[in-house]
Amino acid sequence: MTKKLAAILSVTVLASIATACGGGGPAPEPAKLDTAKPQLRQLLQYNRFDPNNNPVGKYLKEKTGYDVKYDMLPVENADEKLNLLMANKEPYDIMKLNANQYAKLSSSGALEPLDDLIRKYGKNMQEAIGPASWNGARLNGKLYAIPEGSSGVATGTALVYRQDWLDELGLKPPATRDELYAVLKTVKEKKNVIPITGGKDPFHAEIGSTFGWYYGPGTNWSESDGKIVHMVEDPKTKDYLAFMKKLYTEGLLDAEWAINQPNKLLEKFTSGKAFMFRSGWWDAANLNNALAKNFPDAKIGILPYLTGDSGKAAQVGIGGVPWFIAIPKWSPNKEEAMKYLDLKLEKDIFKGLAIGQEGVHHEVKDGKYYPILPKFNDEWNFGSDFLTGTDEKNYEAYWQARVRKNEFVQSYYETYQANAKGILYHDALTYAPPIADISKHSQKLQKQAEDAFIKYVTGAEPLETYDKFLEQWKASGGSDMIKAANEWYESSRK
């Protein structure tokens, strides 16, 4: 996201929230908590654990005094199951929804407007949750959910490579796109390996950003000249695809780019078949352990983000509001549910929810939180599933305890963030509320773009047909998405 859009968003969300919510949420009013607390029912997203027999759930019961019975959506057909539960008016008190689920249920009238409840009982959450997140949950002027923000905007990927091979060839790590091309050519000629492997995700920020193509995984929208632009309509898209096709045609990209799955990339790199690939920091332990097993003397390098044509580097960041905590219209315990949700955001209770007990589940070293293993994994590994909003001033620091479970994961995460400091961009709709026309079409059109991009990179489709693809993409709902995105953008600036 450009500084211009960030500034606009900052001013507009602060103004809208201050007007409608008195700061973080609706203006607080004094409230008396009931002494009798009913059992609450909460619907979670799927994960592989039993929330009703979990130490985190027991901790919350002890600290809040509320007994909560948990159900989960299924791993498959979750939306269909959710729709069925709502059609039957299943008496849940709290539901954790993704953006598309929130958009659909709020528009169907299934969710309780929360402004008054937050005003009466939401003192902690109004202090803990920032104005941008509140704005991201507000639909048609009303809150139908509490926004659960992420741990901050951060980058997840970087290009990693065989440093020992570069040393052997007397080459320096590339710093620009042209240098990358030259290094890949030399590696192909001298080592007879795949210069760069990858695939199935053709939105390659680490390369595209050098063209000023500021997109990547989960980042489809940018702000340009006072408008919101989708990546498929950005003129720089053709430049990016032409370069990727050049790499593929010259044998510098993996010949199996169109079919590779993520596990295959790791396998090719750690078996010595590939020189470079884009790796997530979360894979660092598997990456290093597998390579060390096969090649004990091998060394991995993490490539700093390439300098672009503008003379500056840039890298994609992910953040925003991934979850929305809603109360159904037919909840039998709306006020008690809100009181419980607010108690969970009391500072000390939230800290315990996020990282457990100091000296038992975590410790503090040099002002940073570290997990105590295996206790943290055994008892607090699923703590994030129980979140219903975050203390946004502190959660990023708490959450980073999770990346310190493993020295490789910690090192890669911290290196990626250090390399991306000051150059992160993110989706222009990161802090927009769910937009109905985008929720309706985004999954289908994302797949359409992914398939088309892979065909252009591999030469299965000539780049000369791109305008025809764009026309079809717009006719399939893309025009509706672009129109809706810009309508939100214009309203956010008023």
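Everything discussed here concerns the structure shown above.
Residues numbered from 1 in each chain as written. Predicted model: local features only at pLDDT ≥ 70, side-chain atom pairs only at ≥ 80, totals over all residues. Heavy atoms only, no water.

**Quick look at the overall build of the chain**
Stated formally: Secondary structure follows DSSP: runs of H or I at least 4 residues long count as helices, runs of E at least 2 residues long count as strands, and numbering of each begins at the N terminus. Each radius of gyration reported is based on C-alpha atoms, and the globular scaling rule is 2.2 Å times the count of residues to the power 0.38. Burial classes follow relative accessibility: with a 1.4 Å probe on protein chains only, a residue under 20% of its type's maximum area counts as buried, one over 50% as exposed, and anything between as partly exposed. Throughout, a contact is declared for two residues whenever any of their heavy atoms are within 4.5 Å. Computed by Shrake-Rupley with a 1.4 Å probe, the accessible areas treat only the displayed protein chains as cover when residues are assessed. His is not counted here, nor are the chain ends, while Lys and Arg score as positive and Asp and Glu score as negative. Charged groups are reduced to one reference atom each: NZ for lysine, CZ for arginine, CG for aspartic acid, CD for glutamic acid.
Helix and strand counts for the chain come out as 20 helices and 17 strands. Taken over the C-alpha trace, the chain has a radius of gyration of 24 Å; the compact-globule value for 494 residues is 23 Å, and the two agree within 12%. If one aligns the C-alpha atoms of the chain with their principal axes, the spans along those axes are about 75 × 55 × 40 Å. Here the chain holds 494 residues, and the buried ones make up 53% of them. Of the contacts formed within the chain by residues at least 6 apart in sequence, a portion of 78% connects residues at least 24 apart. With an accessible surface of roughly 21,900 Å², the chain has 50% of that area assigned to carbon and sulfur atoms. With 62 positive and 63 negative side-chain charges, the chain shows a spacing of 1 Å between the two charge centroids.

**Section: the sheet that holds strand β12 (residues 300-302)**
Put simply, the test is: Between any two strands, pairing holds if DSSP finds at least two bridges. Axis lines are fitted to C-alpha atoms, over the contacting stretch for helices. Their N-to-C directions set the angle, which ranges from 0 to 180 degrees.
Sheet architecture is open: four strands sit in the order β8-β11-β7-β12, paired in mixed fashion. In the strand order of this sheet, the two ends are held by β8 (194-197) and β12, each with one partner. If you compare each strand with its neighbour and ignore which way they point, the axes differ by 25 degrees on average. One ladder, built from three bridges, connects β8 with strand β11 (residues 274-280); its direction is parallel.

**Observations concerning helix α14 (residues 334-343)**
In terms of burial, α14 is largely enclosed, as seven of its ten residues are buried. Turning to α14, its buried residues number three or more, namely Glu336, Ala337, Met338, Lys339, Tyr340, Leu341 and Asp342.

**A few points about unusual backbone geometry**
In this chain, Leu373 is followed by Pro374 through a cis amide linkage whose omega measures 5 degrees. With a phi close to 55 degrees, Asn77 is a non-glycine residue in the positive phi region. Relative to the helices and strands, Asn77 resides in the loop between β2 (68-72) and α3 (78-87). For Asn77, a relative accessible area of 54% corresponds to the exposed category. Although it is not a glycine, Asp366 sits at a positive phi angle of roughly 55 degrees. By secondary structure assignment, the location of Asp366 is in the loop between β15 (362-365) and β16 (368-371). Looking at Asp366, the relative accessible area reads 79%, which means it is exposed.

**Considerations on the pattern of salt bridges**
Heads up, the condition is: Think of a salt bridge as a Lys or Arg side-chain nitrogen and an Asp or Glu carboxyl oxygen that are within 4 Å of each other.
Evaluation of the coordinates by the stated rule reveals 25 salt bridges. When the shortest N-O distance is used, the salt bridge between Asp116 and Arg119 registers 2.6 Å. With Asp116 and Arg119 both in helix α5 (residues 115-121) and three residues apart, the pair spans about one turn of that helix. Given the relative accessible area of 22%, Arg119 is considered partly exposed. It is possible to trace a salt-bridge network through shared partners that takes in Arg41, Lys69, Asp71 and Glu90.

**A word on the environment of Pro174**
For Pro174, the position within the fold is in the loop between α8 (163-169) and α9 (177-191). Looking at Pro174, the relative accessible area reads 4%, which means it is buried. Spatially, the C-alpha atom of Pro174 lies 39 Å from that of Gly136, the residues being 38 residues apart in sequence. Apart from the residues within four sequence positions on either side, Pro174 is in contact with Glu179, Leu180, Val183, Leu303 and Leu306.

**Let's talk about the packing of aromatic side chains**
Heads up, the rule is: In summary, the pairing rule links any two rings of Phe, Tyr or Trp, Trp by its six-membered ring, whose centres are within 6.5 Å, and it sorts them by plane angle into stacked for under 30 degrees, edge-to-face for over 60 and tilted for everything else. Lysine and arginine charges are scored as sitting over a ring when NZ or CZ, respectively, is within 6 Å of the ring centre and within 35 degrees of the ring normal.
Summed over all chains, the structure comprises 25 aromatic pairs. By the ring-pair criterion, three or more aromatic residues cluster together here, those being Phe49, Tyr70, Phe382 and Phe386. Across from the ring centre of Tyr181, 4.3 Å away, lies the NZ or CZ of Lys246, which sits over that ring. Positioned above the aromatic ring of Tyr370, the side-chain terminus of Arg404 is 5.2 Å from the ring centre.

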